[in-house]
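Report on the structure
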Amino acid sequence: MPEQLLFASEVFLNGLMAGVLYALVALGFVLIYKASGIFNFSQGVMALFAALTLVGIMEGRVPFSHVINATFDTEIHHFGWHVPAFAAILITMGVMVILAYCVQRFIFRHLVGQEPIILFMATIGLAYFLEGVGDLMWGSDIKKLDVGLPQGINTWIDETTFDAFGYGFFIDNLDIYASIIAALLVIVLVLFAQYTKQGRAMRAVADDHQAALSVGISLNFIWIMVWSVAGFVALVAGIMWGTKSGVQFSLSLIALKALPVLMLGGFTSIPGAIVGGLIIGVGEKLFEFAIGPMVGGATENWFAYVLALIFLVFRPQGLFGEKIIERV
Amino acid sequence: MLDDTEGYVTEDGRKIGGVVMEMKNITLRFGGVVAIKDISFDIREGEIRAIIGPNGAGKSSMLNVISGFYHPQEGEVWYKGKKRPGMRPYQVAQQGIARTFQNIALFEGMSVLDNVMTGRIRQMSTGMFAQALWKGKAEQEEVENRETVEKVIDFLEIQHIRKTPVGRLPYGLKKRVELARALAAEPSILLLDEPMAGMNVEEKEDMSRFILDVNDEFGTTIALIEHDMGVVMDLSDRVVVMDYGKKIGDGSPDEVRSNQAVIDAYLGVQHD
Ligand SMILES: Nc1ncnc2c1ncn2[C@@H]1O[C@H](COP(=O)(O)OP(=O)(O)OP(=O)(O)O)[C@@H](O)[C@H]1O
Ligand SMILES: [Mg+2]
């Protein structure tokens, strides 16, 4: 195989794996948007919050220790125990469900029937609030997250490709695990929405509130469920990104990566989020590889947005989105 | 004389039971508009009860009160011998009261089969997490639900469109799918808001037959709103007549037909 093609294949694989993660984050948006018409600006901060909480619980940090110490003039920071990763993930999930309940109970329950822009503004408020609470609870220092996912070059792939082509592919173990987990999660979510009673109820609510009520579905319950699922997605995304580059504020910016994915795939389409994520992941890596050197690199920062813009012009409803027909 | 417990036997030999639902002095206002004014009536087990009246009389509002979509300012709703507290629509549905809408409310993006399956959702909010974990039970439940749903689909003769997205169906079939979804819940009371509006003669005949068959075969209590007087007289056991939010007649089709106030309302006699 010619050398360029080998490099390109390696880049393609890496792009695919990045794409799966984009798809996962985008799914979090799509789920909430479909079921409630809310574009959840706080999705990225939810991932940050989940990762912060996970680290805090694993390391046995005392939540709100700054506040406690300042008010009571104490010096407590740690409980002195360590929680195993698996248990900590379960506890964090519990926290995300409680968060989902609070978000529904104290914010969106009072905003039923409001304009989409108002709901959107509420999620912006929620994003800043959550960011503040995360800081207050766990401190704003950069934290290391290690739930036991393997990291570093996958030697098996490196050796096998070297033996076959004379060029060893550099693929990070973490990327492999992350994309497998994300792919599994995406499949589970799709099966859940398509084939379970709860999934059917969720789609029903997304389709018509009045009809959903008439068959006995509690909208409140479905919305709490959807926010919980979005919280779960945020937690998984938070673990992947947090493991890779530490738990810090920039983690919340992964949400921005999901925006072009959504424009490409459509805001209401689950398959759209998946395909859109893969296209953006592969597209930006290949573009950087092929065109990057000619324009001085760093194309990854803008490629996704330009692609999304082009899409917006020619197909505003996205790849799989429902066609927008204005009734007159 | 009718009494609460005993009921009566119809001309065609169906046995009608005691009172299952009773509306007591219901008043419903929207700002200055009084949609329902101090109305009382009852619905007996196994009967077909019609609500008729000119446009804007308050018929749909009454159905919305029964199904929990509207909450009356005054009055009480009694169901199965108990006073019903204020309830959300989904809670009413969970109590076994299913309905259809005047302006069809279906899940347009879902297939006919999925739409009818949603009719089985009823008790989902109780123990749903337990269900998600206990896979065996959930699977068994899904199979049972599927059986009931297929029966309903056969019964209403919509097998040929099972997989079709509802959004693509013509109006008459949509009405039928909506009825199927309500029936799938195996309701004890079925509320139908103008099930035949906008249909052609043949479709109306089909729908009348289905309504009678549902009542006959499953003994389902049915309350329906209908404009077509011929249909109402054929189908119903007892009729409530409303006009400008007030009840102006209540009784058998024959009694109602010869009631002067009803005749006036329908002939458009001026109110004083
Ligand atoms: N949600 C609402 N908000 C304000 N007014 C309402 C509402 N629903 C009904 N009304 C008013 O209540 C009155 C009765 O309306 P309703 O829909 O119950 O009549 P109807 O008998 O079903 O008429 P139709 O035969 O046209 O369906 C009307 O004046 C209507 O404008
Ligand atoms: Mg009406």
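Structure report, in brief. Counting starts from 1 at the beginning of each chain's written sequence and moves along it residue by residue. Each chain gets a letter, beginning with A, and each ligand a number, beginning with 1, in the order they are written. Restriction of local features to residues with pLDDT of at least 70 applies here, the model being predicted, together with a cutoff of 80 or more for giving and counting side-chain atom pairs; totals for whole chains, interfaces and linings are based on all residues. Only hydrogens and water are set aside when side-chain values are computed; all heavy atoms of the structure are taken into account.

1. Thoughts on the sheet that holds strand β3 (residues 19-30) of chain B
Residues and elements named next belong to chain B. Heads up, the condition is: The criterion for strand pairing is that DSSP finds at least two bridges linking the strands in question. Numbering of helices and strands starts at the N terminus; helices are DSSP runs of H or I of at least 4 residues and strands are runs of E of at least 2.
Taken in spatial order, the 4 strands make up an open sheet running β4-β3-β6-β7, and their pairing is antiparallel. Each of the sheet's edge strands pairs with one partner strand only, and the pair in question is β4 (33-44) and β7 (82-83). Bridge count for strand β6 (residues 74-79) against β7 is 2 bridges, and the pairing is antiparallel. Each residue of the ladder has a partner; that of Y79, found in β7, is K82.

2. Section: the sheet that holds strand β5 (residues 48-52) of chain B
Residue and element names in this part refer to chain B. Defined as follows: Note on method: axes are straight lines fitted to C-alpha atoms, helices fitted across the in-contact stretch only, with angles between N-to-C directions ranging 0 to 180 degrees. Note on definitions: a residue-residue contact is assigned when non-hydrogen atoms from the two residues lie within 4.5 Å.
Read across the sheet, 6 strands follow the order β8-β9-β10-β5-β11-β12 without closing on themselves; strand pairing throughout is mixed. Where the open sheet ends on each side, the last strands, each with one partner, are β8 (97-99) and β12 (246-251). On average, each strand axis in the sheet is inclined to that of its neighbour by 15°, with strand direction left out of account. Of the pairings in the sheet, the one linking strand β9 (residues 189-193) to strand β10 (residues 221-225) comprises 5 bridges and is parallel in character. Counterpart to I189 in the pairing with β10 is T221. Sitting on the sheet, helix α10 (residues 260-267) touches β5, β11 (238-243) and β12, and the angle it makes with β12 is about 125°.

3. Quick word on the site of ligand 1
All names here are of chain B. The condition that has to hold: Proximity is defined per residue: if any heavy atom of the residue lies within 4 Å of a molecule or strand, that residue is considered near it. Here a polar contact is recorded for every N or O atom pair within 3.5 Å, except that within protein the pair must consist of a potential hydrogen donor and a potential acceptor, and residues adjacent in sequence are included only if both atoms are side-chain atoms. All accessibility values rest on the Shrake-Rupley procedure with a 1.4 Å probe; residue burial counts only the protein chains present in the view. Any residue that is not Ala, Val, Leu, Ile, Met, Phe, Trp, Tyr, Cys, Pro, Asp, Glu, Lys or Arg is counted as polar, Gly included; the first ten are nonpolar and the last four charged.
Neighbouring ligand 1 are 14 residues, the closest being G56, K59, S60, S61 and Q102. At 2.9 Å from an oxygen atom of ligand 1 is found a main-chain nitrogen or oxygen belonging to G56. Within the side chain of Y70, an N or O atom sits 3.0 Å from a nitrogen atom of ligand 1. If ligand 1 stood free it would expose 630 Å²; the protein chains cover 65% of that surface. Sorting elements by how many residues they give to the shell around ligand 1 places helix α1 (residues 59-66) first, with 3 residues. The class makeup of the residues in the shell around ligand 1 is 5 nonpolar, 7 polar and 2 charged.

4. Quick look at the pattern of salt bridges
As a reminder of what qualifies: The salt bridge criterion pairs a side-chain nitrogen of Lys or Arg with a carboxyl oxygen of Asp or Glu, the two atoms within 4 Å. Only protein chains enter the calculation, and the probe is 1.4 Å; a residue is then buried if its accessible area is under 20% of its type maximum, exposed if over 50%, and partly exposed in between.
Across all of its chains, the model carries 28 salt bridges over all chains by this definition. With a shortest N-O distance of 2.9 Å, E59 of chain A and R61 of chain A are connected by a salt bridge. When its relative accessible area of 18% is taken as the criterion, R61 of chain A is described as buried. When the shortest N-O distance is used, the salt bridge between E284 of chain A and K257 of chain A registers 3.1 Å. Here E284 of chain A is found in helix α12 (residues 270-290), whereas its partner K257 of chain A is found in helix α11 (residues 254-265), with 27 residues between them in sequence. Assessed through its relative accessible area of 0%, E284 of chain A is described here as buried. Three or more residues joined by partner-sharing salt bridges are found here, namely D42, E47, R49, R238, K247 and D250 of chain B.

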